[in-house]
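Observations on the model geometry
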Protein chains: 2
Amino acid sequence: MNCNVPTDIVFSFTGFATRGGGTDEHNDGWGIAFFEGRGVRHFVDYQAAVASPIADLIKRCPIKSTNVIAHIRKATQGSIALENCHPFVRELWGRYWVFAHNGDLKNFAPVLDGAFRPVGSTDSEQAFCYVLQQLQRRFGDQLPALPALRSALAELTSEIATHGTFNMMLSHGGALFAHCSTNLHYIIRQYPFAQAQLSDNDVSVDFSQVTTPNDRVAIIVTEPLTTNEHWTRFAAGELKVFVDGAPV
Amino acid sequence: MNCNVPTDIVFSFTGFATRGGGTDEHNDGWGIAFFEGRGVRHFVDYQAAVASPIADLIKRCPIKSTNVIAHIRKATQGSIALENCHPFVRELWGRYWVFAHNGDLKNFAPVLDGAFRPVGSTDSEQAFCYVLQQLQRRFGDQLPALPALRSALAELTSEIATHGTFNMMLSHGGALFAHCSTNLHYIIRQYPFAQAQLSDNDVSVDFSQVTTPNDRVAIIVTEPLTTNEHWTRFAAGELKVFVDGAPV
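All values derive from a computational prediction rather than experimental measurement.

Within a regular strand, the side chains alternate between the two sheet faces. All names here are of chain A. Where strand β9 (residues 185–190) meets strand β12 (residues 216–221), six bridges bridge the pair, whose relative direction is antiparallel. Considered in β12, the bridge of histidine 185 is made with valine 221. Note that β9 and strand β13 (residues 232–233) share two bridges and pair antiparallel. Within β13, the residue paired with tyrosine 186 across the bridge is threonine 232.

Here it is in structure tokens:
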């Protein structure tokens, strides 16, 4: 989720978490990270999201954020363990970076001789470390402007995607980058707001009752979360950058 | 807390969290990090611990860990914000490192031109980045053996402590390092276990009922947490290393 004002993710997370062992088989752990200013709240668990007391807390206690990345895991590489749960968090240029990956990379063994090493044993964390290492090599000591960052990430994600399926999301709190390799959808919710009905739960919300006319929220997800809204599918190979609730 | 078998911290955390706005004035946020294998569960909040739903969850849902670092904050430098809450987490040598600091550093502006930059604005996070930067410079590409790490940390913590009060804890999941500048106490709980009574809450536990004879747990804290046990005070300037529930 990427938005222009801090927004809680309870509605979307409710549907999403149900796929973590309920309506879908992604039950090898889950995680979520919320930016609040420059800080991050990071929750990971190797239990299925449907059975997790922390997931339950997140549904009960709305946390407001402008950038959130959540993940439900189906283990392809790496054991079911806390260190292998997404999203992963690292610091670069005095900013936290949050990363999650859906897919599977084959014959992917990048040389990691910079400042970032995987703690766990997933292809995903290797990809994240590689992305940050290459960004640091290209831009040196300072966070570059968004267009330069976008073009570097477009190159890097294309390169990694040659190794397999690389649907991924990355954020440093200012923008959310989403790369589609096989499957990714998004929706922009803005004025005039309407009602939405989750596909995985018997839950609906009338967004006009809980928003102001200036609010804008982008939700990006593998499979659409609602049954009655129009979701846009990413093209294969596409990298989109979301800022203030809209693609730029 | 450092132990030889995964242990929950519910008893000690209950007393400790009460000091976060209840029996003490450390109410500018709090945090806790639990190692589970190489993974870390990290919770931070800028609310007082006594009022935090996440602190409440940790008391209700025991998380078992061999290394836990918790912190309640009284802001001296840096605003009350999520990015300024301890403990801080970074990765070095493919391990997560967790750090918390109690105290205040003056005229402390280390040159941070390595791989670690503060995200927030505390002296504490600067000290943490400096420690990791210097460890990386000294040991290069690999985690050194414990004696070498200990002696490097003894030097670094002494150097930083010349700038003010530097009571700190640091762990990479294998050992817990504690440096006392002004105030730090520890206790080792082991067979034969006895009853303990919290000083901040009307709560007691009979550890003989919830342990096995092989369990050993070290609790290190600024002020003793219980009224009926013998706590050992650290000497000023002392660095202790705890492994498997005992100082080494």
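More follows now that the structure is in view.
Moving on to the side chain of glutamate 83 of chain B. Relative to the elements of secondary structure, glutamate 83 of chain B occurs in the loop between β4 (64–72) and β5 (88–92). Summary of buried charges: glutamate 83 of chain B has no salt-bridge partner, and the nearest side chain of opposite charge, arginine 38 of chain A, is 5.5 Å away. Aside from chain neighbours lying at most four places away, what touches glutamate 83 of chain B is Glu36, Arg38 and Gly39 of chain A together with Phe88, Val119, Gly120 and Glu125 of chain B.

So, about the sheet that holds strand β6 (residues 95–102) of chain A. All names here are of chain A. Strand order in the open sheet formed by six strands is β5-β6-β7-β8-β14-β15, with antiparallel pairing between adjacent strands. With one partner strand each, in any of the chains shown, β5 (88–92) and β15 (246–247) form the two edges of the open sheet. One ladder, built from five bridges, connects β6 with strand β7 (residues 167–171); its direction is antiparallel. Residue pairing for β7: alanine 100 is matched across the bridge by methionine 169. Where helix α3 (residues 123–139) meets the sheet, its contacts fall on β5, β6 and β7, and the angle it forms with β5 comes to roughly 15°.

With that settled, consider the interface of chain A and chain B. On the side of chain B, 31 residues touch chain A, which itself brings 31 residues to the contact. Looking at the side of chain A facing chain B, the largest losses of area belong to Arg41, Glu91 and Val119 of chain A, adding up to 22% of the total buried there. Inspection of the chain A/chain B interface yields six salt bridges. A salt bridge links arginine 41 of chain A to aspartate 45 of chain B, with the shortest nitrogen-to-oxygen separation between them at 3.2 Å. On inspection of chain A and its partner chain B, the count reaches 16 residue pairs in polar contact (both at pLDDT 80 or more).

Here we come to the packing of helix α2 (residues 53–60) of chain A against helix α2 (residues 53–60) of chain B. Remark: α2 of chain A packs on α2 of chain B, axes separated minimally by 11 Å, with the N-to-C direction vectors making an angle of 150°. One element, α2 of chain A, and the other, α2 of chain B, form an angle in the roughly antiparallel class. Every pair of crossing elements has a handedness; the one defined by α2 of chain A and α2 of chain B is right-handed. Every residue of α2 of chain B that contacts α2 of chain A at Pro53, Ile54, Leu57 and Arg60 of chain A is listed here: Pro53, Ile54, Leu57 and Arg60 of chain B. Class assignment of the residues belonging to the contact of α2 of chain A with α2 of chain B gives a composition of six nonpolar, no polar and two charged.

Taken as a whole and judged by the stated rule, the model has 24 salt bridges over all chains. The partner of aspartate 200 of chain A in a salt bridge is arginine 19 of chain A, and the shortest N-O contact between them spans 2.8 Å. Here arginine 19 of chain A lies in the loop between α1 (10–18) and β2 (30–36) and aspartate 200 of chain A lies in the loop between β10 (195–197) and β11 (204–206), a separation of 181 residues in the sequence. Residue classification places arginine 19 of chain A among the buried residues on the basis of a relative accessible area of 9%. The residue glutamate 36 of chain B makes a salt bridge to arginine 41 of chain B at a minimum N-O spacing of 2.4 Å. Residue classification places glutamate 36 of chain B among the buried residues on the basis of a relative accessible area of 13%. Look at arginine 41 of chain B and you get buried, because its relative accessible area is 7%. A network of salt bridges, in which partner residues are shared, links Glu36 and Arg41 of chain A together with Asp45 of chain B.

Residue and element names in this part refer to chain B. Burial analysis of β5 places five of its five residues in the buried class, which makes it a mostly covered element. Side chains of β5 alternate between two faces, with Phe88, Arg90 and Leu92 and Val89 and Glu91 buried alike. By the bridge criterion, five bridges tie β5 to strand β6 (residues 95–102) in an arrangement that is antiparallel. Opposite phenylalanine 88, over in β6, you have phenylalanine 99 as the bridge partner. Where β5 folds back onto β6 in an antiparallel hairpin, the turn is made up of two residues, including tryptophan 93, whose phi is positive at roughly 60°.

Glancing now at the relation of the copies chain A and chain B. Superposition of the two copies of the chain requires a rotation about an axis together with a shift along that axis. At an RMSD of 0.0 Å, chain A and chain B line up after a rotation of 180° and a shift of 0.0 Å along the axis. The relationship between the two copies is best expressed as a two-fold rotation axis. A high fraction, 100%, of the interface residues of chain A reappear at the interface in chain B, so the copies pair face to face through one surface.

Residue and element names in this part refer to chain A. Buried within α2 are the following residues: Ile54, Ala55, Leu57 and Ile58. The arc enclosing the buried residues of α2, seen along the axis, measures out at 155°, which places them on a common side. Backbone nitrogen of isoleucine 54 and a side-chain oxygen of the N-cap are separated by 3.2 Å at the start of α2; the cap is serine 52.

Across the nine residues of α1 of chain A, eight count as buried, placing the element largely inside the fold. Within α1 of chain A, the full set of buried residues consists of Phe11, Ser12, Phe13, Thr14, Gly15, Phe16, Ala17 and Thr18 of chain A.

Strand pairing within a sheet occurs via backbone hydrogen bonds; the two strands may be parallel or antiparallel. Residues and elements named next belong to chain B. Here we have six strands laid out as an open sheet, ordered β5-β6-β7-β8-β14-β15, and antiparallel in their pairing. One side of each edge strand has no neighbouring strand; the edge strands of this open sheet are β5 and β15 (246–247). Across the face of the sheet, helix α3 (residues 123–139) comes into contact with β5, β6 and β7 (167–171) while running at roughly 15° to β5.

Conventions and cut-offs
For every chain, the first residue of the written sequence is number 1, and numbering continues from 1 onward in sequence order. By the order in which they are written, chains take letters starting at A while ligands take numbers starting at 1. Local features in a predicted model are, by the rule used here, given only for residues with pLDDT of at least 70; side-chain atom pairs are given and counted only at 80 or more, and totals for whole chains, interfaces and linings are based on all residues. Excluding hydrogens and water, the side-chain values take into account all heavy atoms of the structure. Strand pairing is assigned whenever DSSP detects at least two bridges linking the two strands. Here a strand is any run of E in DSSP of at least two residues, a helix any run of H or I of at least four, and the numbering for each starts at the N terminus. Each residue gets one of three labels from its accessible area relative to the maximum for its type: buried under 20%, exposed over 50%, partly exposed in between, using a 1.4 Å probe on protein chains only. The positive count covers Lys and Arg only, the negative count covers Asp and Glu only, and His and the chain ends enter neither. Here, a salt bridge means any Lys or Arg side-chain nitrogen found within 4 Å of an Asp or Glu carboxyl oxygen. Two residues form a contact once any of their heavy atoms are found within 4.5 Å. To define axes, lines are fitted to C-alpha atoms, for helices over the stretch in contact only, and angles between the resulting N-to-C directions are given on a 0 to 180 degree scale. The buried area of a pairing is the accessible area, by a 1.4 Å probe, that goes missing from both parts when the two are put together, added over both. Side-chain atoms alone can form a polar contact between residues adjacent in sequence; in general such a contact is a pair of N or O atoms within 3.5 Å, and within protein one must be able to donate a hydrogen while the other accepts it. Between 65 and 115 degrees an angle is taken as roughly perpendicular, under 35 as roughly parallel, over 145 as roughly antiparallel, and anywhere else as oblique. Each crossing gets its handedness from the near helix: less than a right angle anticlockwise from the far helix is left-handed, clockwise is right-handed. Lys, Arg, Asp and Glu make up the charged group, whereas Ala, Val, Leu, Ile, Met, Phe, Trp, Tyr, Cys and Pro make up the nonpolar group; the residues left over, Gly among them, are polar. The atoms used to superpose the copies are C-alpha atoms, taken from residues with pLDDT of at least 70 in both, and the fit is least squares. What the arc covers is the set of directions going from the helix axis to the C-beta atoms.

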